Amino acid sequence: MQVNSVVGRGRRFKALVSVAFMVGFAGASVGVASELSEQLARRAGLKRAVTALLGTDTEVAVDLAHTTEWLIHVRMPSGAKGLRDLAQQAGLGIDRLVAENGPLDRLPYADNTLDVLIATEAGGEALSDLSLSEILRVLRPEGTAIIGKALQSNGADADPAALKKWASGGRT
(Lines give C-alpha, C1' and ligand atoms only; values in the text may rest on other atoms or scores of the structure.)
Protein backbone atom coordinates (compact mmCIF):
# COMPACT_ATOMS: atom_id res chain seq x y z
CA MET A 1 0.00 0.00 0.00
CA GLN A 2 1.38 3.41 -0.90
CA VAL A 3 1.09 6.26 1.58
CA ASN A 4 2.19 9.80 0.97
CA SER A 5 3.00 11.36 4.30
CA VAL A 6 4.67 14.09 6.24
CA VAL A 7 6.32 12.88 9.41
CA GLY A 8 7.68 15.26 11.98
CA ARG A 9 9.52 15.03 15.27
CA GLY A 10 9.62 17.89 17.69
CA ARG A 11 9.06 21.33 16.27
CA ARG A 12 10.41 20.59 12.81
CA PHE A 13 8.75 18.63 10.05
CA LYS A 14 10.57 16.69 7.40
CA ALA A 15 8.67 15.91 4.25
CA LEU A 16 8.80 12.21 3.54
CA VAL A 17 6.99 11.48 0.34
CA SER A 18 5.91 8.06 -0.93
CA VAL A 19 6.53 6.13 2.26
CA ALA A 20 5.66 2.53 1.43
CA PHE A 21 3.40 0.55 3.74
CA MET A 22 3.24 -2.98 2.40
CA VAL A 23 -0.02 -4.80 3.01
CA GLY A 24 -0.84 -8.29 1.84
CA PHE A 25 -4.64 -8.05 2.03
CA ALA A 26 -5.62 -4.79 0.36
CA GLY A 27 -9.25 -5.92 0.21
CA ALA A 28 -9.64 -6.93 3.86
CA SER A 29 -10.06 -3.80 5.95
CA VAL A 30 -9.22 -5.52 9.24
CA GLY A 31 -5.91 -6.83 7.82
CA VAL A 32 -5.16 -3.46 6.27
CA ALA A 33 -5.90 -1.63 9.52
CA SER A 34 -3.73 -4.06 11.46
CA GLU A 35 -0.76 -3.65 9.12
CA LEU A 36 -1.17 0.12 9.03
CA SER A 37 -1.39 0.27 12.84
CA GLU A 38 1.80 -1.76 13.12
CA GLN A 39 3.59 0.59 10.70
CA LEU A 40 2.34 3.69 12.55
CA ALA A 41 3.42 2.34 15.95
CA ARG A 42 6.83 1.40 14.57
CA ARG A 43 7.23 4.84 12.97
CA ALA A 44 6.38 6.60 16.26
CA GLY A 45 8.84 4.40 18.14
CA LEU A 46 7.13 4.68 21.54
CA LYS A 47 5.94 1.94 23.87
CA ARG A 48 3.46 4.21 25.65
CA ALA A 49 1.98 7.41 24.30
CA VAL A 50 -0.87 9.86 24.53
CA THR A 51 -2.04 9.77 20.93
CA ALA A 52 -4.51 11.77 18.86
CA LEU A 53 -5.94 10.21 15.71
CA LEU A 54 -7.59 12.85 13.53
CA GLY A 55 -10.28 11.67 11.13
CA THR A 56 -12.66 8.76 10.69
CA ASP A 57 -10.23 5.82 10.37
CA THR A 58 -12.12 3.79 13.00
CA GLU A 59 -10.53 0.40 12.24
CA VAL A 60 -7.05 1.86 12.77
CA ALA A 61 -8.15 3.50 16.03
CA VAL A 62 -9.50 0.23 17.46
CA ASP A 63 -6.49 -1.74 16.25
CA LEU A 64 -4.01 0.76 17.75
CA ALA A 65 -5.85 0.57 21.07
CA HIS A 66 -5.66 -3.25 20.99
CA THR A 67 -2.06 -3.62 19.84
CA THR A 68 -0.26 -0.80 21.67
CA GLU A 69 -0.11 0.58 25.18
CA TRP A 70 -1.19 3.97 23.85
CA LEU A 71 -4.15 6.01 25.02
CA ILE A 72 -5.96 6.80 21.75
CA HIS A 73 -8.09 9.94 21.47
CA VAL A 74 -9.97 10.16 18.18
CA ARG A 75 -11.18 13.54 16.97
CA MET A 76 -13.56 13.27 14.02
CA PRO A 77 -16.00 15.64 12.31
CA SER A 78 -18.90 13.24 13.01
CA GLY A 79 -19.58 9.61 13.92
CA ALA A 80 -17.88 9.46 17.32
CA LYS A 81 -20.82 7.64 18.92
CA GLY A 82 -20.44 4.80 16.43
CA LEU A 83 -16.74 4.49 17.24
CA ARG A 84 -17.45 4.53 20.98
CA ASP A 85 -19.97 1.71 20.48
CA LEU A 86 -17.45 -0.24 18.37
CA ALA A 87 -14.77 0.24 21.03
CA GLN A 88 -17.12 -0.96 23.77
CA GLN A 89 -18.01 -4.06 21.72
CA ALA A 90 -14.27 -4.70 21.28
CA GLY A 91 -13.79 -4.56 25.04
CA LEU A 92 -11.99 -1.23 25.06
CA GLY A 93 -12.79 1.13 27.89
CA ILE A 94 -12.33 4.87 28.15
CA ASP A 95 -8.83 4.23 29.52
CA ARG A 96 -7.78 2.93 26.06
CA LEU A 97 -9.87 4.74 23.44
CA VAL A 98 -11.87 7.97 23.55
CA ALA A 99 -13.78 9.41 20.59
CA GLU A 100 -15.42 12.79 20.14
CA ASN A 101 -16.85 14.91 17.36
CA GLY A 102 -15.24 18.23 16.57
CA PRO A 103 -13.34 20.24 14.00
CA LEU A 104 -9.86 19.07 13.03
CA ASP A 105 -8.40 22.58 12.82
CA ARG A 106 -9.02 23.37 16.52
CA LEU A 107 -7.66 20.66 18.78
CA PRO A 108 -8.93 20.19 22.35
CA TYR A 109 -5.55 19.53 23.97
CA ALA A 110 -3.36 21.63 26.23
CA ASP A 111 -0.06 22.89 24.84
CA ASN A 112 2.71 20.28 24.62
CA THR A 113 0.42 17.37 25.57
CA LEU A 114 0.55 14.78 22.79
CA ASP A 115 3.31 12.25 22.22
CA VAL A 116 1.90 11.22 18.82
CA LEU A 117 -0.57 12.78 16.41
CA ILE A 118 -1.77 10.73 13.42
CA ALA A 119 -3.90 11.77 10.44
CA THR A 120 -4.31 8.95 7.89
CA GLU A 121 -6.92 10.73 5.77
CA ALA A 122 -5.01 13.91 4.91
CA GLY A 123 -5.32 13.76 1.15
CA GLY A 124 -6.89 16.22 -1.25
CA GLU A 125 -9.01 18.90 0.39
CA ALA A 126 -8.91 17.08 3.77
CA LEU A 127 -5.36 18.36 4.25
CA SER A 128 -6.68 21.92 4.44
CA ASP A 129 -8.81 20.85 7.45
CA LEU A 130 -5.63 20.38 9.48
CA SER A 131 -3.86 23.32 11.11
CA LEU A 132 -0.08 23.05 11.24
CA SER A 133 0.10 25.64 14.02
CA GLU A 134 -2.43 23.66 16.10
CA ILE A 135 -0.53 20.42 15.57
CA LEU A 136 2.73 22.06 16.64
CA ARG A 137 1.01 23.63 19.64
CA VAL A 138 -0.31 20.34 21.02
CA LEU A 139 2.73 18.15 20.34
CA ARG A 140 5.13 17.83 23.24
CA PRO A 141 8.80 18.59 22.56
CA GLU A 142 10.15 15.58 20.63
CA GLY A 143 6.56 14.53 19.85
CA THR A 144 5.78 12.89 16.51
CA ALA A 145 3.19 13.82 13.91
CA ILE A 146 2.38 11.38 11.10
CA ILE A 147 0.32 13.08 8.42
CA GLY A 148 -0.64 11.39 5.17
CA LYS A 149 -3.19 9.39 3.26
CA ALA A 150 -3.46 5.63 3.56
CA LEU A 151 -5.02 4.16 0.43
CA GLN A 152 -7.78 2.35 2.32
CA SER A 153 -8.76 5.60 4.06
CA ASN A 154 -11.60 7.78 2.84
CA GLY A 155 -11.06 10.71 0.50
CA ALA A 156 -8.70 11.72 -2.27
CA ASP A 157 -5.10 10.58 -2.45
CA ALA A 158 -2.41 12.82 -0.99
CA ASP A 159 -0.47 15.03 -3.38
CA PRO A 160 3.24 15.12 -2.46
CA ALA A 161 3.55 18.77 -3.51
CA ALA A 162 0.53 19.74 -1.40
CA LEU A 163 1.95 17.88 1.61
CA LYS A 164 5.28 19.68 1.26
CA LYS A 165 3.54 23.04 0.93
CA TRP A 166 1.38 22.34 3.99
CA ALA A 167 4.40 21.19 6.04
CA SER A 168 6.29 24.39 5.18
CA GLY A 169 3.45 26.45 6.65
CA GLY A 170 1.57 27.22 3.46
CA ARG A 171 -2.10 26.36 3.21
CA THR A 172 -3.24 23.92 0.53
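Just so it is clear, the structure is predicted and the values come from calculations on it, not from any experiment. (Residues numbered from 1 in each chain as written. Predicted model: local features only at pLDDT ≥ 70, side-chain atom pairs only at ≥ 80, totals over all residues. Heavy atoms only, no water.)

### Side note on the nonpolar core
For soluble globular proteins, nonpolar side chains are generally found buried alongside one another.
Then, number 1: Judged by nonpolar contacts, the single largest core of 25 residues is most densely connected at Ala61, Trp70, Ile72, Val74, Leu83, Leu97 and Ile118.
Then, number 2: Those elements that provide at least two residues to this core are helix 1 (29-44), helix 2 (58-67), strand 4 (71-76), helix 3 (80-89), strand 5 (97-101) and strand 6 (114-119).
Then, number 3: Excluding its chain neighbours within four sequence positions, the residues that come into contact with isoleucine 118 are Leu40, Thr51, Ala52, Leu53, Leu54, Leu64, Trp70 and Ile146.
Then, number 4: One finds Ala52, Leu107, Ala122 and Leu139 within the second-largest nonpolar core, a separate group that totals 20 residues. (Core = buried A, V, L, I, M, F, W, Y, C linked by side-chain atoms within 4.5 Å. Buried < 20%, exposed > 50% of the residue type's maximum accessible area, 1.4 Å probe, protein only. Helix = DSSP H or I, 4+ residues; strand = E, 2+ residues; numbered from the N terminus. Contact = heavy atoms within 4.5 Å.)

### Looking at the pairing of strand 3 (residues 50-54)
Then, number 1: For strand 3, a buried count of 4 out of 5 residues is recorded, marking the element as mostly surrounded by other parts of the structure.
Then, number 2: Across 5 bridges, strand 3 lies against strand 4 in parallel orientation. Looking at strand 4, one finds that valine 50 is bridged to leucine 71.
Then, number 3: Handedness of the crossover is the feature at issue here: the chain leaves strand 3, passes through helix 2, returns alongside strand 4, and the resulting connection is right-handed. (Pairing = 2+ DSSP bridges. Right-handed = clockwise from strand over helix to strand, strands pointing away.)

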